[in-house]
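A closer look at the structure
Letter by letter, the chains look like this.
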Amino acid sequence: MTLITLRQALDAAAEGGYGVGAFNVTDLVQAEAVLSAARETDAPVIVQTIAGASAHGSDEVFWEALVNLAARYEDVPVVLHLDHGPSFEDCERAVNAGFTSVMIDGSLLPDRVSHATFEQNAAVTKKVVDFAHAHGVSVEGELGTIGGSEDGGATVKEIVLADPDEAERFVAATGVDALAVAIGTSHGAYKFTSPPDGTVLRMDLISEIAERVPTTHLVMHGSSSLPADLREQINAYGGALPESWGVPEEEKARSTKLGIRKINQGMDSHMAYAAAARRSLAEDGITVDPAPFERAGREAMQRIVAERMHVFGQAGQARRHRSAKPVAAS
Ligand SMILES: [Zn+2]
């Protein structure tokens, strides 16, 4: 078992000056793609999933299988992370399932639409930190509100940028290991209507906040780049994705120099999977076995995840964890 905590992964990344991609998976096939990409590039990796958003019948079935799958990748340092935990109870379930990291998204109230006050956010985050740390598990919190929707659920359109003063107070009040900061990115497959420039993405906020919370690692959400070739392939096989721009690769690489350590990538690898699966289905009208299109999806996903690992700088960094003592799943 080479499960490591988010704290271990990001401390090493800070030391090495690189970022670690956190890739969303909604089934075991995709998890295999991400873990295989990490093995292929000799990278530490964060595999993350959202409660209630998998293809499997229950979180518990999927999460248990995820922990077992990660254990098969003995040579890969893996963080198993709950993305956007909506409540203390969801984070508690993930910790009990053996995850080594959880995000409590206290920026929204449990209806997932209304904004929480700073005090409400800090209170639920502190509660999760106390519980998770007692189990040797890391915690990511969120400050400001990142717009859009990652799981197709309730959508918050308004982006509330993170505030450096609040970031400092939030970290002091909660003791989070990592902090998601809203800098203008948004979730989902529709981001910007034109290529983002310096006025859309507030890169300056990253370094300002990083200086104020030196021992807490910063996280960029909604940082997929939405490759045009994948959109075209999806649309060529029956999709209807509108033209949209995401975060350019060079901006992601630059963000790791400014203090971003965890880079959330959901859409790009899902687009790669969907494009390959759609093509496979369209080109073979006879086969009804799902395995061929799932396999095509997995291979395409592994390729794009491996590419991202080189961009973020985590490729070749697994060695930093080889001497570290792995954490036991609780
Ligand atoms: Zn997010």
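Our structure is the block above this text.
Description of the structure in this document. (Residues numbered from 1 in each chain as written. Predicted model: local features only at pLDDT ≥ 70, side-chain atom pairs only at ≥ 80, totals over all residues. Heavy atoms only, no water.)

Two elements in contact, helix α4 (residues 88–97) and helix α5 (residues 118–134), have axes separated by 10 Å at closest approach and are oriented at 15°. It follows from the interaxial angle that α4 and α5 lie roughly parallel. Viewed along their axes, α4 and α5 form a crossing whose handedness is right-handed. Between α4, through F88, C91, E92, V95 and N96, and α5, the contact on the second element is made entirely by V124, K127, V128, F131 and A132. For the contact of α4 with α5, the per-class residue count stands at seven nonpolar, one polar and two charged. (Axes fitted to C-alpha atoms, helices over the stretch in contact; angles between N-to-C directions. Helix = DSSP H or I, 4+ residues; strand = E, 2+ residues; numbered from the N terminus. Parallel < 35°, antiparallel > 145°, perpendicular 65-115°, else oblique. Left-handed = near helix turned anticlockwise from the far one by under 90°. Contact = heavy atoms within 4.5 Å. Nonpolar A, V, L, I, M, F, W, Y, C, P; charged D, E, K, R; others polar.)

So, on to the packing of aromatic side chains. Centre-to-centre distance and the angle between the planes together describe a pair of aromatic rings. A full pass over the atoms with the stated rule returns three aromatic pairs. Ring geometry for F88 versus F131: centroids 5.6 Å apart, planes at 75°, classification edge-to-face. Residue F88 is found in helix α4, and its partner F131 is found in helix α5; the two are separated by 43 residues along the sequence. Each member of the pair, F88 as well as F131, carries the same accessibility label: buried. Measuring from ring centre to ring centre gives 6.0 Å for F118 and F170, while their planes differ by 75°; the resulting arrangement is edge-to-face. Here the residue F118 occupies a position in helix α5, and F170 occupies one in helix α6 (residues 164–174), the gap between them amounting to 52 residues. Here F118 falls in the buried class, since its relative accessible area comes to 15%. The cationic tip of K127 hangs over the ring face of F88; the distance from NZ or CZ to the ring centre is 4.4 Å. (Phe/Tyr/Trp six-rings, centres within 6.5 Å; stacked < 30°, edge-to-face > 60°. Buried < 20%, exposed > 50% of the residue type's maximum accessible area, 1.4 Å probe, protein only. Lys NZ or Arg CZ within 6 Å of the ring centre and 35° of its normal.)

In this section: the pairing of strand β1 (residues 20–24). Regular strands have side chains that alternate between both faces of the sheet. With five of its five residues buried, β1 lies for the most part within the structure. Burial along β1 is two-sided: the face carrying V20, A22 and N24 and the face carrying G21 and F23 are both buried. Inspection of the sheet shows β1 paired to strand β2 (residues 45–50) by three bridges, in the parallel sense. If you follow N24 over to β2, its bridge partner there is Q48. The β-α-β motif built from β1, the intervening helix α2 (residues 28–41) and the parallel element β2 has right-handed crossover chirality. (Pairing = 2+ DSSP bridges. Right-handed = clockwise from strand over helix to strand, strands pointing away.)

The next point concerns unusual backbone geometry. Even without being a glycine, H84 presents a positive backbone phi close to 50°. Assignment of secondary structure puts H84 in strand β3 (residues 78–85). The exposure class of H84 is buried, given its relative accessible area of 12%.

Here the focus is the packing of helix α8 (residues 228–236) against helix α10 (residues 267–283). Contact geometry of α8 with α10 gives a least axis separation of 9 Å together with a crossing angle of 35°. Viewed along their axes, α8 and α10 form a crossing whose handedness is left-handed. Touching L230, R231, Q233 and I234 of α8 are D268, M271, A272, A274, A275, A276, R278 and R279, all from α10.

A word on α8. Listing the buried residues of α8 in full gives L230, R231 and I234. For α8, the buried positions fall inside an angular range of 100° around the axis, keeping them on one side. Structural note: α8 exposes D229, E232 and A236 on the side pointing more than 90 degrees away from its buried face. Residues of α8 that are buried make contact with α10 and α11 (291–312). Downstream of α8 by one or two residues, G238 has phi in the positive range, about 100°. (Arc of directions from axis to C-beta.)

This part takes up the pairing of strand β7 (residues 217–220). Alternating positions in β7 separate into two faces, H217 and V219 on one and L218 and M220 on the other, with burial throughout. Relative to β7, strand β6 (residues 178–181) is paired through three bridges, and the arrangement is parallel. The residue bridging A178 from the neighbouring strand is H217, located in β7. As paired elements, β7 and strand β8 (residues 260–265) share three bridges and run parallel to each other. Along β8, the bridge assignment pairs V219 with K262.

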